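Observations on the three-dimensional arrangement
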Protein chains: 2
Amino acid sequence: MEIINFTDIESLRKRLYRKLVDDDDLYLSVGNILNNVKNKGDISLRDYSKMFDKVVLDNIIVTEDELSEAGNFVSDDLKNAISLAIENVSKFHVNQKNKDVPIETMGGIVCWRKQLPIEKIGLYIPGGSAPLFSTVIMLAIPAKIAGCEEIILCTPLGKDGNVNPVILYTAKLCGVSKVYKIGGAQAIAAMAYGTETVPKVYKIFGPGNKYVTIAKQIVSMKGIAIDMPAGPSELAVLADDSANASFVAADLLSQAEHDPDSQVLLVTCCRKLVKDTIFELKKQVENLSRKEIAKKAIDNSKIIIAENYNQAIEIINDYAPEHLIIAMNDSSVKDMITNAGSVFIGNYATESIGDYASGTNHTLPTNGAAKAYSGLTLEAFCKYISFQTINEQGIRNIGPYVEKMAEAEGLDAHKNAVTIRLKFLQNENRKTY
Amino acid sequence: MEIINFTDIESLRKRLYRKLVDDDDLYLSVGNILNNVKNKGDISLRDYSKMFDKVVLDNIIVTEDELSEAGNFVSDDLKNAISLAIENVSKFHVNQKNKDVPIETMGGIVCWRKQLPIEKIGLYIPGGSAPLFSTVIMLAIPAKIAGCEEIILCTPLGKDGNVNPVILYTAKLCGVSKVYKIGGAQAIAAMAYGTETVPKVYKIFGPGNKYVTIAKQIVSMKGIAIDMPAGPSELAVLADDSANASFVAADLLSQAEHDPDSQVLLVTCCRKLVKDTIFELKKQVENLSRKEIAKKAIDNSKIIIAENYNQAIEIINDYAPEHLIIAMNDSSVKDMITNAGSVFIGNYATESIGDYASGTNHTLPTNGAAKAYSGLTLEAFCKYISFQTINEQGIRNIGPYVEKMAEAEGLDAHKNAVTIRLKFLQNENRKTY
């Protein structure tokens with residue numbers, strides 16, 4: 001890890017630059033995949049499976065039997081852990097339910113909002129090296145709590161021609177309606193446009209490689225909502241001399257093992273902690289099965305030495321990390337954090353626990369997006385509709401003001417929609433509504 | 001208006017198709033504007049003002065004097081109306097403040113969310129034929145209530161070389177920090193990337209023409225958040241024989257006057273209402289100053305005759321209109337609406353009132369986006385950060401489960417971040433945190 005002595009925020013920002021996925025050639029090739037699936041449907045899904053995944057799809061959909069039998073391949077210990085995670089994630093997300101109280105803004109005018117589930121949603125779960133069943137929990141549980149009617153899931157076949165059974169077991173347990181054996185940009189296309197087998201959805205959630213990311217970006221411009229822009233995972237640790245260097249190193253490595261492009265940061269004023277953490281990193285990395293990935297990520301990563309902790313907090317808020325661990329004595333530091341995805345407080349609050357089972361969501365904004373985006377919350381699976389009732393008294397109270405404003409904007413017909421009603425009310429022999 | 005007798009939802013969907021702004025040439029030319037502003041800053045802003053708006057910019061920023069003096073050009077009546085609108089919009093949006101209660105998901109693990117304002121936001125207010133000061137209220141008031149620190153606003157100069165004074169007056173009253181005299185795609189670029197004069201923001205809000213829409217789409221792929229995809233305005237009226245045809249016609253025209261591409265719908269089972277509404281439309285349209293626009297929009301629009309009101313509601317939910325007026329005797333119909341931006345209930349609830357002053361927001365999802373998007377709410381100006389504290393007891397309770405799950409996902413370092421802490425806790429001579 002490179003050690004940077006903090007001088008000013010502008011030059012630090014340049015050194016901490018995280019590259020967005022942004023490549024014109026990729027846009028073209030992903031665009032072609034999307035168009036093919038849109039125009040040719042299931043046939044092109046089978047073609048792409050053969051081409052990219054080297055598998056011949058029998059059924060595109062996972063059968064009910066396959067879903068039911070998946071549990072046979074999952075150990076009881078793992079089943080218990082999954083159940084506990086579901087329980088905690090449920091508790092945290094149920095707590096986000098939101099009931100607005102109607103409000104009479106003026107006599108005769110009552111306004112309210114109603115939170116309603118997005119009816120049809122699609123989840124993408126990558127294949128690749130790690131079978132991310134934890135992501136199934138993080139997406140499907142809030143969707144179920146929100147009340148989404150149709151929750152479908154796409155995930156690629158493994159090299160053995162099967163979907164990972166833990167993913168299937170978790171999907172069934174979390175109430176996913178249907179699972180499809182499709183990966184990559186073609187899965188995003190199938191859920192965005194629909195095919196003979198895969199239904200079209202209104203919003204697509206879930207992580208993926210750069211093809212998946214770009215496919216989600218493109219369909220988001222065609223009227224399909226997506227969860228958030230996605231990039232490589234990040235962790236910042238904000239620590240003082242009360243931190244434990246072996247814990248800090250273990251935490252940095254836990255993000256570093258995700259992807260060679262993952263960026264981990266340690267921000268501190270304590271030079272001893274820096275020295276000890278580097279020692280621990282070198283020791284611990286050797287024991288990891290994914291050490292080659294972790295080493296590359298660590299090489300790209302930085303330790304920033306600040307002059308004081310106000311400066312350290314400024315660095316964190318400017319960077320807006322996906323995950324932030326605060327390992328500091330001063331418990332008021334958390335109140336000064338304004339930009340981050342998820343914050344872990346205390347020496348025992350390792351990010352792993354939030355990744356799996358404490359209850360908070362692990363789908364979080366990367367690449368500084370935490371300045372404007374939230375991690376997934378119940379609201380991401382819902383939309384609000386606003387409602388209002390306006391009675392005779394209401395339009396009498398507000399009508400003249402609205403006429404004035406519509407006139408000032410030069411919108412006659414807007415004004416007339418009020419005027420015609422006010423005139424009607426002047427007629428004593430009028431109908432009563 | 002074309003009259004359609006409803007047969008099935010699939011074929012109706014095709015006839016109600018709303019075209020997305022989607023034109024490869026436009027993407028290229030807008031992309032060039034964005035790049036120029038990114039690379040050349042203020043100079044290119046001045047060049048584009050000369051080229052597109054035919055005005056020579058003296059200052060890019062509106063001076064404090066210009067802001068203070070704007071009120072001299074606004075009548076007292078209009079000032080009163082604007083104040084009333086601000087009051088009602090404030091009441092409705094303050095009501096959306098949301099305080100989550102921390103929850104102990106397991107012994108020793110406490111999780112909560114914190115709603116925080118997006119620190120820097122940019123508002124775009126179009127120039128053109130109508131000076132949309134009402135949109136300033138709808139964007140700036142929730143931003144102020146959310147607590148956004150820096151609220152900037154871009155709007156183009158009028159042909160007289162000035163920004164419309166009602167826009168300036170309203171901006172100042174609503175707490176906008178700075179106003180810039182820039183329009184079009186170049187305004188979006190300036191707020192997304194920053195220039196010498198215009199600060200970079202984290203999220204951009206507001207309507208605009210197709211150049212603005214595409215510019216917002218493009219910057220949203222570069223890490224800048226935007227409010228929502230925007231298209232021409234829409235209104236659906238769902239009415240039974242209790243409706244007043246002259247009101248219905250006035251409401252349809254109030255949307256139709258916005259844009260020749262606006263789409264208005266009447267969905268009903270009552271043939272007499274259809275006949276009377278068409279009669280009223282022909283009569284009322286002749287008196288409108290924007291009648292040429294309204295006539296074109298009405299020509300593109302449809303009346304759908306359903307066999308029963310369950311079918312009518314299905315049509316509405318499938319279409320997901322931006323605005324919906326329910327002019328029906330049965331007050332339970334509102335409870336069956338699942339997809340719409342904003343719903344107006346009753347014969348006096350004309351959409352105009354919500355557009356200006358009742359309190360609800362008028363920035364709403366178009367083109368069916370209401371299936372997955374909300375209109376603007378307080379949440380759009382905020383993000384959530386999740387927090388968690390985990391103590392010794394907490395990690396002892398949850399640690400073994402997390403180890404199991406991390407192992408099953410093949411993520412050693414995730415597991416190790418837990419294991420190293422559990423081992424530490426076994427040491428009786430350990431430090432206490």
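About the cut-offs
- Position numbers for residues start from 1 in each chain and track the written sequence from start to end.
- Note on labels: chains are lettered from A, ligands numbered from 1, in written order.
- Restriction of local features to residues with pLDDT of at least 70 applies here, the model being predicted, together with a cutoff of 80 or more for giving and counting side-chain atom pairs; totals for whole chains, interfaces and linings are based on all residues.
- Heavy atoms from the whole structure form the basis of all side-chain values; hydrogens and water molecules are not counted.
- Axis geometry follows a simple rule: fit a line to the C-alpha atoms, using only the stretch in contact for helices, then measure angles between N-to-C directions, giving values from 0 to 180 degrees.
- Counting from the N terminus, the helices are the DSSP runs of H or I reaching at least four residues and the strands are the DSSP runs of E reaching at least two.
- In this scheme, roughly parallel covers angles under 35 degrees and roughly antiparallel covers those over 145, while 65 to 115 is roughly perpendicular and the rest are oblique.
- In a left-handed crossing the near helix is turned counterclockwise from the far helix by less than a right angle, and in a right-handed crossing that turn is clockwise.
- The contact definition used throughout considers only heavy atoms, calling two residues in contact when any of these lie within 4.5 Å.
- Think of it as three bins: nonpolar holds Ala, Val, Leu, Ile, Met, Phe, Trp, Tyr, Cys and Pro, charged holds Asp, Glu, Lys and Arg, and polar takes everything else, Gly as well.
- When two parts are brought into contact, each loses some accessible area as probed by a 1.4 Å sphere; the total of that loss over both is the buried area.
- In what follows, salt bridge is the name for a side-chain nitrogen of Lys or Arg lying within 4 Å of a carboxyl oxygen of Asp or Glu.
- A 3.5 Å cut-off defines polar contacts: any pair of N or O atoms within that distance qualifies, except that in protein one atom must be a possible hydrogen donor and the other a possible acceptor, and neighbouring residues in sequence count only when both atoms are side-chain atoms.
- Expected span, for any helix, means 1.5 Å times one less than how many residues it has.
- Classification of residues uses two cut-offs on accessible area relative to the type maximum, computed with a 1.4 Å probe and protein chains only: under 20% is buried, over 50% is exposed, and between them is partly exposed.
- For the least-squares superposition of copies, only C-alpha atoms count, and only for residues with pLDDT at least 70 in both.
- Only strands joined by at least two bridges in the DSSP assignment are considered to pair.
- Residue ranges labeled as domains rest on an automatic or database domain assignment.
- What pLDDT expresses is the predictor's confidence in each residue, scored from 0 to 100.

1. A few points about the packing of helix α15 (residues 392–408) of chain A against helix α5 (residues 76–94) of chain B
Relative orientation of the contacting elements α15 of chain A and α5 of chain B amounts to 115°, with a least axis distance of 9 Å. Put simply, α15 of chain A runs roughly perpendicular to α5 of chain B. Along this stretch, α15 of chain A crosses α5 of chain B, giving a crossing that reads as left-handed. Within the contact between the two elements, α15 of chain A uses Ile398, Tyr401, Lys404, Met405 and Ala408 of chain A and α5 of chain B uses Asp77, Leu78, Asn80, Ala81, Ile82, Leu84, Ala85 and Asn88 of chain B. The residue makeup of the contact of α15 of chain A with α5 of chain B, split by class, is 9 nonpolar, 2 polar and 2 charged.

2. Let's talk about the interface of chain B and chain A
Taken together, the contact between chain B and chain A spans 128 residues of the former and 128 residues of the latter. In this assembly, chain B packs against chain A so that about 11300 Å² is buried in total across both faces, 61% of it on carbon and sulfur atoms. The largest per-residue losses of area from chain B upon contact with chain A belong to Tyr348, Met405 and Glu409 of chain B, which jointly make up 8% of the total buried on that side. The interface formed by chain B and chain A includes 6 salt bridges. Between Asp251 of chain A and Arg421 of chain B there is a salt bridge; the shortest N-O distance is 2.7 Å. Counting across the chain B and chain A interface gives 63 residue pairs in polar contact (both at pLDDT 80 or more).

3. Re helix α16 (residues 412–426) of chain B
The first and last C-alpha atoms of α16 of chain B sit 21 Å apart over 15 residues, in line with the 21 Å expected at 1.5 Å per residue. Every buried residue of α16 of chain B is accounted for by Ala413, His414, Ala417, Val418, Thr419, Ile420, Arg421, Leu422, Phe424 and Leu425 of chain B. In this fold, the buried residues of α16 of chain B make contact with α10 (245–256), α11 (271–285) and α14 (351–356) of chain A together with α15 (392–408) of chain B.

4. With respect to the relation of the copies chain B and chain A
In screw terms, the move from chain B to chain A is a rotation of 180° and a rise of 0.0 Å along the axis, fitting with an RMSD of 0.0 Å. This pairing of chains is accounted for by a two-fold axis. By C-alpha distance to the rotation axis, the residue of chain B lying nearest is Asn98 of chain B, at 4.0 Å. Of the interface residues in chain B, 100% have counterparts in chain A that sit at the interface too, so the contact is made through matching surfaces.

5. Observations regarding the environment of Asp76 of chain A
Residue and element names in this part refer to chain A. When you line up the elements, Asp76 lands in helix α5 (residues 76–94). Among the residues examined, Asp76 registers a relative accessible area of 56% and is labelled exposed. Measuring from C-alpha to C-alpha, the distance between Asp76 and Gly158 comes to 23 Å, with 82 residues separating the pair along the chain.

6. As for the sheet that holds strand β8 (residues 225–226) of chain B
Sheet strands associate in pairs through backbone hydrogen bonding, adopting either a parallel or an antiparallel arrangement. Residue and element names in this part refer to chain B. Strand order in the open sheet formed by 5 strands is β6-β5-β4-β7-β8, and the pairing between neighbours is parallel. Both edges of this open sheet fall to β6 (178–180) and β8, since each of them pairs with a single strand only. Strand direction decides the pairing type here: strand β4 (residues 120–124) and strand β5 (residues 150–154), joined by 5 bridges, are parallel. When the bridges of β5 are listed, Ile121 appears paired with Ile151.

7. Points about the sheet that holds strand β11 (residues 302–305) of chain A
Here 9 strands make up an open sheet; going across it, the order is β1(A)-β11(A)-β10(A)-β9(A)-β12(A)-β13(A)-β14(B)-β3(B)-β2(B) and the pairing mixed. Of all the strands in the sheet, the pair left with one neighbour each is β1 (2–5) of chain A together with β2 (103–106) of chain B. Averaged over all neighbouring strand pairs, the angle between strand axes comes to 20°, with direction disregarded. Bridging between strand β12 (residues 323–327) of chain A and strand β13 (residues 342–345) of chain A involves 4 bridges; their strand directions are parallel. Paired with Ile326 of chain A across the strands is Ile345 of chain A, a residue of β13 of chain A.

8. Considerations on the domain arrangement of chain A
Residues and elements named next belong to chain A. You can read the domains of chain A as domain 1 (2–19 + 232–359), domain 2 (24–228) and domain 3 (393–426). Summarising the inter-unit geometry, the C-alpha centres of domain 2 and domain 3 are found 47 Å apart. Counting residues at the interface gives 4 residues for domain 2 and 4 residues for domain 3. Taken together, domain 2 and domain 3 are joined by 0 salt bridges. At the surface where domain 2 touches domain 3, the tally comes to 1 residue pair in polar contact (both at pLDDT 80 or more).

9. Digging into the confidence of the model for chain A
Taken over all residues, the pLDDT of chain A has a mean of 94, while the share at 70 or more is 99%. The ipTM assigned to the predicted complex is 0.95, against a pTM of 0.95.

10. Some points on the pairing of strand β14 (residues 382–390) of chain B
Most of β14 of chain B is tucked away: 8 of the 9 residues are buried. Pairing of β13 of chain A with β14 of chain B, which is carried by 4 bridges, proceeds in the parallel orientation. Paired with Val343 of chain A across the strands is Phe387 of chain B, a residue of β14 of chain B.

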